[in-house]
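Structural overview for review
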Amino acid sequence: MFLKTSFTSLIVGVFVVYVLHTCWVMYGIVYTKPCDSPNSDKCITPFLAEDPKLQLSIYTALRPNAEGGHTLIHKEENFDINTKFERIVNVSLPKKTRNNGTLYALIFVHQAGISPWQDPRQVHLVAQLTTYMVPKPPEISLIAGEDQTQGQKEGAQKNRRVNGKHGAGGAATSGATSMSDHPVSHWRTRLTVNIVSDHFTFDREYLPSDVHRYLRVFQTGKKMVYLPLLFVDELSNRVKDLAEINSTSMELPLTISYDSISLGRLRFWIHMQDAVFSLQQFGFTEKDADEIKGIFVDTNLYFLALTFFVAAFHLLFDFLAFKNDISFWKHKKSMVGMSSKAVLWRCFSTIVIFLYLFDEQTSLLVLIPAGIGSIIEVWKVKKAFKIQVFWKGGKPTFLFGKLDESERRTEEYDTLAMKYLSYLLYPLCIGGAVYALIFLRYKSWYSWLINSLVNGVYAFGFLFMLPQLFVNYKLKSVAHLPWKAFMYKAFNTFIDDVFAFIITMPTSHRLACFRDDVVFLIYLYQRWLYPVDKTRVNEYGVSYDEKPKGKSHKD
């Protein structure tokens, strides 16, 4: 017991150190030491302090260095860095871009009345307006074999007449291009530009490395002056805003957004963009990176800070629940009071959910924990049914253990509960699958099968947790349950409710997070209804927390 307590305390201590270190790092990101003596030679003063007249000009080019020509798509002549605005412009696409090519945007902030190509005090950045992605496969009616209803086709034809050139291209060949498994060029419909409005004076000796790459400096006498800090927000480019480009897309709309930001926010966004880029280098797909972007872009900064602390506690509770759950099942010798069918169902449902999330190309943030959970549930089934695997000549042989008298008593209650549930559950699941087959559309028969199974799991899966509640009711005891692991999981269930609003996931998976809350509340009610003396050995000779020191006694 001492070793277990010490190990748990060590983990909690590491967690506290991690949180404090992260807070210190975040403080170092948002806080920048200013120059103490603004007139000193070691200070770098802002060019914006002189209140110059500026202009914003945006060009497109096939290459980031503008070789081969460039085209002006927008200019803001009376540009005020403190005035927020949003403009929608139609961008003509060159032939190379339409043929699965790329296109870049060159954003210039320069002195008004001077061409940006001739202004020595201009600052510019290059942003990619296109990205490559594999198109989502079309969903078809498995009965009729159609990928669109007649109404959808008429709607597409109407859109082509209304939207003209750029509408026609998207509707004409979307079916053909989406059938390809190869990445195709997609249009980023948003371009978000920011400039730091703070008249901050930097100290050369404490110049942040993240800001250094955005800093352009010129010297006037002994004084160093830095040009406006221009920033392109890549985090605002979401997958849901992408539009597929094809050979007939002559022009596409681009929303140009501008807003001023503080120096602290600039540094924070730089670090977040670098973090997302690093994840992509480690193998995260564009969709996985998009989930991370959504957390930062679609969430208020204060709520984002709360999310960080919630995520840290989620990680801690996940580890502690995993540790206690594995420890409980590792030393589990008897299934007295435990619903074996609930364990088997939990394993089946976890595997189905993992296959469904994989079929829906869900973020790795959700997929990886689901896969690990599936492996653990398979191991629990092996322990619950006392399965032993023997290999003979390369073929596995399975041996099932026998039940004792107390376990058979529990099994009777378990079977009775499942019998009542089957009268309700099976017709609902079969009816839902048939309805989906007739009225809904799927990518394949496999997709329909997985969706039907997972809808049954999500909608009625919590009913399979009821046999354990029924067994608890019949035995008037909850001492056989892994309460430490349950409590950690209960905390995580409520934390999952928070993440259900932040991380993009299928709606049915989001609703399942709230469904589990009800089940845990019922478990807590039973624990209150059937209190357990931690120092007392229960009627099965099994103690609540640890092995009994003395002999068991009868009530």
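Residues numbered from 1 in each chain as written. Predicted model: local features only at pLDDT ≥ 70, side-chain atom pairs only at ≥ 80, totals over all residues. Heavy atoms only, no water.

The condition is simple: UniProt positions are given in the numbering used here, feature names are shortened, and annotations may be inferred rather than shown by experiment.
As recorded in an unreviewed UniProt entry, the protein goes by Lipid scramblase CLPTM1L and comes from Solea senegalensis. As its UniProt record puts it under Sequence similarities (unreviewed entry), the protein is described as follows: "Belongs to the CLPTM1 family." Looking at the Subcellular location (unreviewed entry) heading of the UniProt record, one finds this comment for the protein: "Membrane".

1. Things to note about the packing of aromatic side chains
For the record, the criterion: Two aromatic rings, drawn from Phe, Tyr or Trp (for Trp, its six-membered ring), form a pair once their centres lie within 6.5 Å of each other, and the interplanar angle then sorts them: stacked below 30 degrees, edge-to-face above 60, tilted otherwise. Classification of residues uses two cut-offs on accessible area relative to the type maximum, computed with a 1.4 Å probe and protein chains only: under 20% is buried, over 50% is exposed, and between them is partly exposed.
Applying the stated criterion across every chain, the model contains 14 aromatic pairs. Between Y27 and Y31, the ring centres sit 5.4 Å apart and the planes meet at 10°, which makes this aromatic pair stacked. Y31 sits in the partly exposed class, given a relative accessible area of 43%. Judged by centre distance (5.0 Å) and plane angle (65°), the rings of F200 and F202 are edge-to-face. There is no split in this pair, since F200 and F202 are both buried. Through a chain of ring-to-ring contacts, the aromatic side chains of W24, Y27 and Y31 assemble into a single cluster.

2. Some thoughts on the confidence of the model for the protein
Short version of the rule: pLDDT expresses, on a scale from 0 to 100, how confident the predictor is about each individual residue. In what follows, residue pairs with any heavy atoms lying within 4.5 Å of each other are defined as contacts.
Per-residue confidence for the protein averages 76 on the pLDDT scale, and 74% of its residues sit at or above 70. When the criterion is pLDDT under 50, residues 148-179 qualifies, and its contacts beyond four places in sequence or with other chains add up to 29 contacts. Across residues 535-555 the pLDDT falls below 50, and counting only partners more than four positions away or on other chains, this stretch makes 25 contacts in the model.

3. A word on the state of the cysteines
The line we're drawing: Disulfide: a pair of cysteine sulfur atoms within 2.5 Å of each other.
Scanning all chains against the criterion turns up 1 disulfide. A disulfide bridge connects C35 with C43, and the sulfur atoms are separated by 1.6 Å. Since a negative S-S torsion denotes a left-handed disulfide, the C35-C43 link at about -55° is left-handed. Classification of C43 by relative accessible area gives buried; the value is 3%.

4. Side note on the UniProt feature "transmembrane region" (unreviewed entry) in the protein
The cut-off we apply is this: Every helix listed is a DSSP run of H or I at least four residues long, and every strand listed is a run of E at least two residues long, numbered separately from the N terminus.
Residues annotated by UniProt as "transmembrane region" (unreviewed entry) correspond here to residues 7-30, 301-322, 343-358, 420-439 and 445-466. Between the end C-alpha atoms of residues 343-358 there is a gap of 23 Å, over a span that is 100% helix and 0% strand. Split by type, residues 420-439 is 100% helix and 0% strand. Its first and last C-alpha atoms lie 30 Å apart.

5. Considering the sheet that holds strand β14 (residues 242-244)
Our working rule: Two strands pair if DSSP finds at least two bridges between them. For helices, the fitted axis covers only the stretch in contact; all axes are lines through C-alpha atoms, and the angles between them, taken along N-to-C directions, range from 0 to 180 degrees.
Strand order in the open sheet formed by 3 strands is β7-β8-β14, and the pairing between neighbours is antiparallel. Each edge of the open sheet is held by one strand with a lone partner, namely β7 (130-133) and β14. For this sheet the average axis-to-axis angle between neighbouring strands, irrespective of direction, equals 45°. Where β7 meets strand β8 (residues 184-188), 4 bridges bridge the pair, whose relative direction is antiparallel. Looking across to β8, one finds that Y132 is bridged to S185.

6. Thoughts on helix α12 (residues 405-439)
The line we're drawing: In a helix, the anticipated span is given by 1.5 Å times the number of residues less one. Bend at a given residue is defined as the angle between two axes, one fitted to the seven residues that end at that position and one fitted to the seven that begin there.
If you check α12, its first and last C-alpha atoms are 50 Å apart, about what 35 residues at 1.5 Å a residue would give, namely 51 Å. S422 marks the point of greatest bend in α12, at about 40°. Within the sequence span of α12, burial applies to E407, T410, Y413, D414, A417, M418, L421, S422, L425, A433, A436 and L437.

7. Some words on helix α10 (residues 340-359)
Residue pairs spaced three or four apart in an α-helix point in one direction, given the helix's 3.6 residues per turn. Between the first and last C-alpha of α10 there are 29 Å, a value that for 20 residues agrees with the 28 Å anticipated at 1.5 Å per step. Of all the positions in α10, only S340, A342, V343, W345, C347, S349, T350, V352, I353, Y356, L357 and D359 are classed as buried.

8. Notes on unusual backbone geometry
Leave glycine aside and you will find that most residues have negative phi; peptide bonds, for their part, are mostly trans. Of note in this structure, D51 is not a glycine but carries a positive phi near 55°. Looking at where D51 falls in the secondary structure, it is placed in the loop between β1 (43-46) and β2 (54-61). Non-glycine residue A66 carries a positive phi angle of around 65°. Residue placement: A66 occurs in the loop between β2 and β3 (71-79). We classify A66 as buried; its relative accessible area is 11%.

9. Topic: the nonpolar core
Rules: We call a set of buried Ala, Val, Leu, Ile, Met, Phe, Trp, Tyr and Cys residues a nonpolar core when their side-chain atoms join them within 4.5 Å.
Residues F79, I107, V109, W187, L191, I195 and L254 are the most contacted members of the largest nonpolar core, which totals 33 residues. Of all the elements in the fold, those that place two or more residues in this core are β2, β3, β4 (85-92), β5 (104-111), β6 (123-128), β9 (190-196), β13 (230-232) and β15 (251-261). For this core, the element with the highest residue contribution is β15, accounting for 4 residues. Ignoring sequence-local partners within four residues, the contact set of V109 consists of L54, Q55, L56, F79, R121, Q122, V123, I195 and L230. Core analysis: the second largest hydrophobic core is formed by 25 residues, I29, V196, F200 and M272 among them.

10. Digging into the sheet that holds β6
In spatial order, the strands read β3-β2-β5-β6; together these 4 strands make up an open sheet with antiparallel pairing. What marks the edges here is a single partner per strand, and that holds for β3 and β6. For this sheet, the mean angle separating the axes of adjacent strands, direction not counted, is 15°. Note: β2 against β5, 8 bridges, orientation antiparallel. Bridge pairing in β5 places L54 opposite Q111.

11. Some details on the pattern of salt bridges
For clarity, the threshold we go by: In what follows, salt bridge is the name for a side-chain nitrogen of Lys or Arg lying within 4 Å of a carboxyl oxygen of Asp or Glu.
Taken as a whole and assessed by the stated rule, the structure comprises 10 salt bridges. The shortest N-O distance in the salt bridge between D203 and K42 comes to 3.8 Å. Here D203, found in strand β10 (residues 202-203), pairs with K42, found in the loop between α1 (2-30) and β1; they are 161 residues apart in sequence, far enough to count as distant. The exposure class of D203 is buried, given its relative accessible area of 1%.

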